[in-house]
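# Topology and contacts: notes
What follows is each chain in one-letter form.
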Amino acid sequence: MKTRILTLIMSLFVVAMAFADEEIIDGFLYNLNNDMTATVVEIVVDKSKITELKIPATVTYNKKRYVVTGIADGAFWGDNFEAVILPNTIINIG
């Protein structure tokens, strides 16, 4: 039974990842999803000069607008920001 549940969970994860597209937009790496949501995966700019990080509520890629709804596990790992400003669209923080 545990094997079936684990197999089902892994299958759902693979399917979810198949529908996500990773893109760099304005210094952030995002997962862009088919449901027009985006998740911050990582910051890809020189972070040593950033003290206050502001996550946008939306991002635009290829003329499509995505609502930023999540921050992935480890997105800010090792970073030393004094403040992180989150939009009210965030519903999931890894």
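Quick note: structure is the one above.
Residues numbered from 1 in each chain as written. Predicted model: local features only at pLDDT ≥ 70, side-chain atom pairs only at ≥ 80, totals over all residues. Heavy atoms only, no water.

### Focus on the overall build of the protein
When its secondary structure is counted, the protein shows one helix and eight strands. Counting from the amino terminus, helix and strand elements in the protein follow one another as α-β-β-β-β-β-β-β-β. For the protein, buried positions account for 31% of its 94 residues. Pairs at least 24 residues apart make up 46% of the contacts formed inside the protein by residues separated by at least 6 positions. When the accessible surface of the protein is totalled, it reaches about 6,800 Å², and 57% of it is carbon and sulfur. (Helix = DSSP H or I, 4+ residues; strand = E, 2+ residues; numbered from the N terminus. Buried < 20%, exposed > 50% of the residue type's maximum accessible area, 1.4 Å probe, protein only. Contact = heavy atoms within 4.5 Å. Areas by Shrake-Rupley, 256 points an atom, 1.4 Å probe, with all protein chains shown as cover.)

### Let's talk about the packing of aromatic side chains
Applying the stated criterion to the full structure yields two aromatic pairs. Pairing F28 with Y30 gives two aromatic rings, centres 5.8 Å apart and planes at 45°, and the pair type is tilted. A centroid spacing of 6.1 Å and a plane angle of 90° characterise the contact between F76 and F81, whose relative ring orientation is edge-to-face. A residue is classified by how much of its surface remains accessible, and F81, at 16% relative accessible area, is buried. (Phe/Tyr/Trp six-rings, centres within 6.5 Å; stacked < 30°, edge-to-face > 60°.)

### With respect to a nonpolar patch on the surface
On the surface, I24, V44 and V45 cluster together into a nonpolar patch covering about 240 Å² of accessible area. Inspection of the secondary structure assignment puts V45 in the loop between β3 (37-43) and β4 (52-54). (Patch = residues over 30% accessible without salt bridge, like charges linked within 9 Å, V, L, I, M, F, W, Y side chains within 5 Å. Salt bridge = Lys/Arg side-chain N within 4 Å of Asp/Glu carboxyl O.)

### With respect to the nonpolar core
Core analysis: the biggest nonpolar cluster contains 16 residues, and Y30, V40, V59 and V68 have the highest contact counts within it. Elements with a contribution of two residues or more to this core: β2 (28-33), β3 and β6 (64-71). (Core = buried A, V, L, I, M, F, W, Y, C linked by side-chain atoms within 4.5 Å.)

### Remarks on the environment of E23
With respect to the helices and strands, the residue E23 is situated in strand β1 (residues 20-25). Among the residues examined, E23 registers a relative accessible area of 18% and is labelled buried. Here the alpha-carbon distance between E23 and Y61, two residues 38 residues apart in the chain, equals 8.3 Å. Each residue touching E23, except ones within four places of it in the same chain, is listed here: F28, L29, Y30, L32 and Y61. For E23, the side chain forms a polar contact with the side chain of Y61, separated by 3.0 Å. (Polar contact = N/O pair within 3.5 Å; in protein donor to acceptor, adjacent residues only side chain to side chain.)

### Section: the pairing of β6
Taken together, the four bridges between β3 and β6 define a ladder with parallel strand orientation. Note on β6: the bridge partner recorded for T39 is G70. Alignment of strand β5 (residues 58-61) against β6, held across four bridges, turns out to be antiparallel. Within β6, the residue paired with T60 across the bridge is R65. Linking β5 to β6, which pair antiparallel, is a turn of two residues; within it N62 sits at a positive phi near 50°. (Pairing = 2+ DSSP bridges.)

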